[in-house]
Amino acid sequence: MNGILTQHLPGFILVTIFSLLIGILQRMLHGDKGEQNLFGTDRTFTFIGILGYLLLAADVEFKSLFIAGLLIVSFFFGIYYLHKILNQNDYGLTTIMVALLTYCQSLILFTQPLYMYLLLIVAILLFSEMKSIFTGFTARIDRGEFITLAKFIIMAGIILPVVPNEPIVSYLSITPYKIWLAVVVISSISYVSYILRKFVFKEAGLMLIGVLGGLYSSTATTIVLARKSKEMPEASNQITAAIFLAISMMYLRITILAFIFNKVLAYVLLPYMVILFIVSVLCALILSTFLKSKGAQHEVEVQHHHPLEFNVAIVFTLIYVVFTFVNYFAITRYGEDGLKILAVIVGVADIDPFLLNIFQGKFNIASSMLASAGLLAIVSNNFLKLVYAMVLYKRNYWFWLVCGFLTITFLNLVFVFIV
């Protein structure tokens, strides 16, 4: 007797409490519509949850009593729904679905780990409360977003698992799987940044644009923000601060990629990347704090480009493959010096394919030398950003921009020699 009580009492208490909470929330949500919109009170939901638990506890093995109870409860819900349609012209099913989930929660409690049961309760409470949020979100979304999501699923869930993982050529360790995995990872980071910018932070200030844009492409974000300096000269310091935030996100993105593809190299790079990230953020904070006495935060409109175009993925793949052979040729023929020279050259373009190739490749070079090449590519790429920014900025606003870039570049070069 004590064993049965110990076994079922905690579950009974959980189901009772959470059923009551679900019922209270439903009554609060429908209170402004009148009591006729609910088939019962908060106690009704409590009794529904208790009924499901008791019937399941009485017949755990076959669950026949639980199924019979579900059919009976569903029958009464059907009568209620028909009455609501005929008398109120209301076709909403939310309350009925919540009641059915309340009845079935015991099934999850008995058959799944406790965290799954608690996750179900959290989902019921959150989704019941978030109707207005989803309504606003739906108003902003367009059908093209589902095509974008479908592209991501195709890239990550359909193509990636079936791509062969055999080396392309015998003297290189690179495989089609590794190539496409690099495409998927880069696209995932870009897609998250895109979703945040378009739906979560739709009217983002300059600082937030620097953060989210830097996750996508720090070079592109620098160009966009530098152009804004001519439109909003009064916000030049804030724009410069946003550019340095974008650069800080570049260091964060590269560190994440390193840990995904090459943890040994990632640990070599980690202390230098952390310092460069902190210095970039400090540059942004100093400029942002300096700006507070001059004006308020500015909001800007930014075009939201889909980051999952297949032609972009194909171009990235081709560049990645080219760098695979170029890196191999530079290393085998010119050694470490060849890799360093190549790193400086590729910095004036997109450094992601080059860095990913370093992270994934199996070169007969020490990790410290690969890290040095990666840092050199970043220095070259930051110099390119400075050139872009100076061309697009008004000359009388160059001071803080150049000071920040020189600080980061000098520190970056010091780390190259240290490594």
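Preceding this paragraph is the structure being described.
Residues numbered from 1 in each chain as written. Predicted model: local features only at pLDDT ≥ 70, side-chain atom pairs only at ≥ 80, totals over all residues. Heavy atoms only, no water.

Participant: Describe the overall build of the protein chain, naming the residues involved and giving the relevant values.
Facilitator: In terms of helices and strands, the protein chain carries 16 helices and zero strands. For the protein chain, the proportion of its 419 residues judged to be buried stands at 46%. Sequence-distant contacts in the protein chain: of pairs separated by 6 or more residues, those separated by 24 or more amount to 75%. A total of about 21700 Å² of accessible surface is found on the protein chain, and carbon and sulfur atoms cover 71% of it. (Helix = DSSP H or I, 4+ residues; strand = E, 2+ residues; numbered from the N terminus. Buried < 20%, exposed > 50% of the residue type's maximum accessible area, 1.4 Å probe, protein only. Contact = heavy atoms within 4.5 Å. Areas by Shrake-Rupley, 256 points an atom, 1.4 Å probe, with all protein chains shown as cover.)

Participant: Describe the nonpolar core, with residues and values.
Facilitator: Formed by 77 residues in total, the largest nonpolar core has its most connected members in F354, L356 and F359. No other element matches the 14 residues that helix α11 (residues 236-261) contributes to this core. In terms of nonpolar packing, the next biggest core, distinct from the first, is built from 24 residues, F66, I85, I96 and Y103 among them. (Core = buried A, V, L, I, M, F, W, Y, C linked by side-chain atoms within 4.5 Å.)

Participant: Describe in detail a nonpolar patch on the surface, supporting the description with residues and values.
Facilitator: A surface patch of nonpolar side chains, amounting to about 600 Å² of accessible area, comprises L9, I13, I17, L20, L21, I24 and M28. Following the sequence through the fold, L21 ends up in helix α1 (residues 2-30). Exposure remark for L21: the relative accessible area of 38% places this residue in the partly exposed category. (Patch = residues over 30% accessible without salt bridge, like charges linked within 9 Å, V, L, I, M, F, W, Y side chains within 5 Å. Salt bridge = Lys/Arg side-chain N within 4 Å of Asp/Glu carboxyl O.)

Participant: Can you lay out the side chain of T221 for me, pointing to particular residues and giving the numbers?
Facilitator: Tracing the chain through its elements places T221 in helix α10 (residues 218-231). In contact with T221, not counting residues within four places along its chain, are I209, G210, G213, G214 and A246.

Participant: Could you give an account of the side chain of S106, with specific residues and numbers?
Facilitator: For S106, the position within the fold is in helix α4 (residues 94-111). For S106, a relative accessible area of 0% corresponds to the buried category. Polar side-chain contacts of S106 include one of 3.3 Å to the backbone nitrogen of Y53. (Polar contact = N/O pair within 3.5 Å; in protein donor to acceptor, adjacent residues only side chain to side chain.)

Participant: I'd love a proper account of the packing of helix α3 (residues 64-88) against α4, names of residues and values included.
Facilitator: Contact pair α3 / α4: the axes reach a minimum separation of 11 Å and the direction vectors enclose 170 degrees. What the angle tells us is that α3 and α4 run roughly antiparallel. Residues L65, F66, G69, L70, V73, S74, F77, Y80 and Y81 of α3 lie in contact with α4, whose contacting residues are I96, A99, L100, Y103, C104 and L107. When the residues that make up the contact of α3 with α4 are grouped by side-chain class, the tally is 13 nonpolar, two polar and no charged. (Axes fitted to C-alpha atoms, helices over the stretch in contact; angles between N-to-C directions. Parallel < 35°, antiparallel > 145°, perpendicular 65-115°, else oblique. Nonpolar A, V, L, I, M, F, W, Y, C, P; charged D, E, K, R; others polar.)

Participant: Break down the pattern of salt bridges for me, with residues and values.
Facilitator: Taken as a whole, this structure holds two salt bridges when the rule is applied. With its nearest N and O atoms 4.0 Å apart, the salt bridge here joins R27 to D42. Placement of the pair is R27 in helix α1 and D42 in helix α2 (residues 42-58), with a sequence separation of 15 residues. The exposure class assigned to D42 is buried, which follows from its relative accessible area of 18%. Here D352 and R253 are joined by a salt bridge, their closest N and O atoms 3.4 Å apart. Of this pair, D352 sits in helix α14 (residues 351-360) while R253 sits in helix α11, placing them 99 residues apart in sequence. In this pair, the class of D352 matches that of R253, namely buried.

Participant: I'd like a rundown of α4, residues and numbers included.
Facilitator: Taking 1.5 Å per residue, 18 residues should reach 26 Å; α4 reaches 25 Å between its end C-alpha atoms and fits that length. Its maximal kink placed at Y103, α4 deviates by approximately 40 degrees. Along α4, the residues that are buried comprise T95, I96, V98, A99, L100, T102, Y103, Q105, S106 and L109. (Expected span 1.5 Å × (residues − 1). Bend = angle between axes of the 7 residues up to and from the residue.)

Participant: So what's going on with the state of the cysteines? Which residues, and what values?
Facilitator: The final tally for this structure, using the stated rule, is zero disulfides. In this structure C283 is not part of a disulfide, and its nearest cysteine sulfur, from C403, lies 9.3 Å away. On the basis of relative accessibility, which here comes to 14%, the residue C283 falls in the buried class. Taking the relative accessible area as the measure of exposure, C403 reaches 30% and is therefore partly exposed. (Disulfide = S-S within 2.5 Å.)

Participant: Tell me about helix α9 (residues 206-216), and name the residues and values.
Facilitator: Most of α9 sits out of view: eight of its eleven residues are buried. The complete set of buried residues in α9 reads L206, M207, I209, G210, L212, G213, G214 and L215.

Participant: An account of the packing of aromatic side chains is requested, with residue identities and associated values reported.
Facilitator: Overall, the coordinates contain eight aromatic pairs when judged by the stated rule. Centre to centre, the rings of F66 and Y103 are 4.9 Å apart; their planes meet at 25 degrees, and the pair counts as stacked. Of this pair, F66 sits in helix α3 while Y103 is found in helix α4, placing the two residues 37 residues apart along the sequence. What makes Y103 buried here is its relative accessible area of 0%. (Phe/Tyr/Trp six-rings, centres within 6.5 Å; stacked < 30°, edge-to-face > 60°.)

Participant: Can you explain the environment of R197? Please cite residues and give values.
Facilitator: As for its placement among the helices and strands, R197 is situated in helix α8 (residues 176-200). A relative accessible area of 11% places R197 in the buried class. Sequence separation of R197 and I209 is twelve residues, and the distance between their C-alpha atoms is 7.7 Å.

Participant: With reference to specific residues and values, describe the packing of α11 against α14.
Facilitator: At a minimum axis separation of 9 Å, α11 and α14 run at an interaxial angle of 30 degrees. On the basis of their axis angle, the class for α11 and α14 is roughly parallel. In this structure, α11 meets α14 at a crossing whose hand is right-handed. The residues of α14 that touch α11, namely those facing M250, R253, I254, L257, A258 and F261, are I351, D352, L355, L356, F359 and Q360. Of the residues assigned to the contact of α11 with α14, the class counts are nine nonpolar, one polar and two charged. (Left-handed = near helix turned anticlockwise from the far one by under 90°.)

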